[in-house]
Amino acid sequence: MVHRLVVSYGTPEDPAAFDAYYRETHVPLALKQPGLVQVTFGHGKAMDPAQPAPYLVAELDFDSEAAMGQALSSPEGRAAGADLANFATGGVSFVHFEVQTAT
């Protein structure tokens with residue numbers, strides 16, 4: 001079973017600076033978290049123009065909710081969390097869940 005953490009970032013004050021910092025600094029920090037299986041991210045586009053989309057959405061996959069908790073509380077996870085203040089000027093929100101597959 002995969003447990004997924006979804007991180008949604010609001011529109012930053014300086015999108016170009018956000019993108020550069022995210023790719024060059026934050027992602028390498030996030031990848032150091034123990035137990036992290038996969039990270040994917042991209043710029044969202046709203047299906048309904050009346051509802052704004054997050055500027056960027058990242059998905060971090062772990063083997064379990066416990067593994068996610070251990071990763072986030074590790075020194076590497078705390079460093080990645082502390083780094084948010086350095087670039088997430090548009091705000092950030094988190095949700096997590098067990099991934100289910102429909103067949």
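Looking at an unreviewed UniProt entry, one finds the chain named EthD family reductase, with Blastococcus carthaginiensis as its source organism.

When the UniProt feature table is mapped onto this chain numbering, "domain: EthD" (unreviewed entry) sits at residues 13-89. Between the end C-alpha atoms of residues 13-89 there is a gap of 6 Å, over a span that is 45% helix and 18% strand.

Turning to the packing of helix 1 (residues 15-31) against helix 3 (residues 75-83), a few remarks are in order. Relative placement of two packed helices is described by the angle separating their axes and the distance separating the axes. Two elements in contact, helix 1 and helix 3, have axes separated by 8 Å at closest approach and are oriented at 155 degrees. Relative to helix 3, helix 1 is oriented roughly antiparallel. Residue-level contacts link Tyr21, Thr25, His26, Leu29 and Ala30 of helix 1 to Glu76, Ala79, Ala80 and Asp83 of helix 3. Among the residues forming the contact of helix 1 with helix 3, the class breakdown is five nonpolar, two polar and two charged.

Another aspect to go through is the sheet that holds strand 1 (residues 3-9). Taking strand neighbours across the sheet as the criterion, the four strands line up as 2-3-1-4 in an open arrangement whose pairing is antiparallel. Both edges of this open sheet fall to strand 2 (36-42) and strand 4 (92-98), since each of them pairs with a single strand only. Each adjacent strand pair in this sheet contributes to an overall mean axis angle of 15 degrees, direction not counted. Here strand 1 runs beside strand 4; their pairing, made up of seven bridges, is antiparallel. Each residue of the ladder has a partner; that of Arg4, found in strand 4, is Phe97. In this fold helix 1 packs onto strand 1, strand 2 and strand 3 (56-62), with an angle of close to 170 degrees to the strand it touches most, strand 2. Strands strand 1, strand 3 and strand 4 of the sheet are contacted by helix 2 (residues 65-73), whose axis makes an angle of about 50 degrees with strand 1.

On to the side chain of Asp83. Among the secondary structure elements, Asp83 is positioned in helix 3. It is Lys32 that comes nearest to the buried, bridge-free Asp83 among opposite-charge side chains, at 11 Å. Side chain to side chain, Asp83 and Asn86 meet in a polar contact 2.8 Å long. Non-local contacts of Asp83, meaning those with residues more than four positions away in its chain, are made with Tyr21, Thr25, His26 and Leu29.

Rules behind the numbers
- Residues numbered from 1 in each chain as written.
- Predicted model: local features only at pLDDT ≥ 70, side-chain atom pairs only at ≥ 80, totals over all residues.
- Heavy atoms only, no water.
- UniProt positions renumbered as here; feature names shortened; annotations may be inferred.
- Helix = DSSP H or I, 4+ residues; strand = E, 2+ residues; numbered from the N terminus.
- Axes fitted to C-alpha atoms, helices over the stretch in contact; angles between N-to-C directions.
- Parallel < 35°, antiparallel > 145°, perpendicular 65-115°, else oblique.
- Contact = heavy atoms within 4.5 Å.
- Nonpolar A, V, L, I, M, F, W, Y, C, P; charged D, E, K, R; others polar.
- Pairing = 2+ DSSP bridges.
- Buried < 20%, exposed > 50% of the residue type's maximum accessible area, 1.4 Å probe, protein only.
- Lys, Arg positive; Asp, Glu negative; His and termini not counted.
- Salt bridge = Lys/Arg side-chain N within 4 Å of Asp/Glu carboxyl O.
- Polar contact = N/O pair within 3.5 Å; in protein donor to acceptor, adjacent residues only side chain to side chain.

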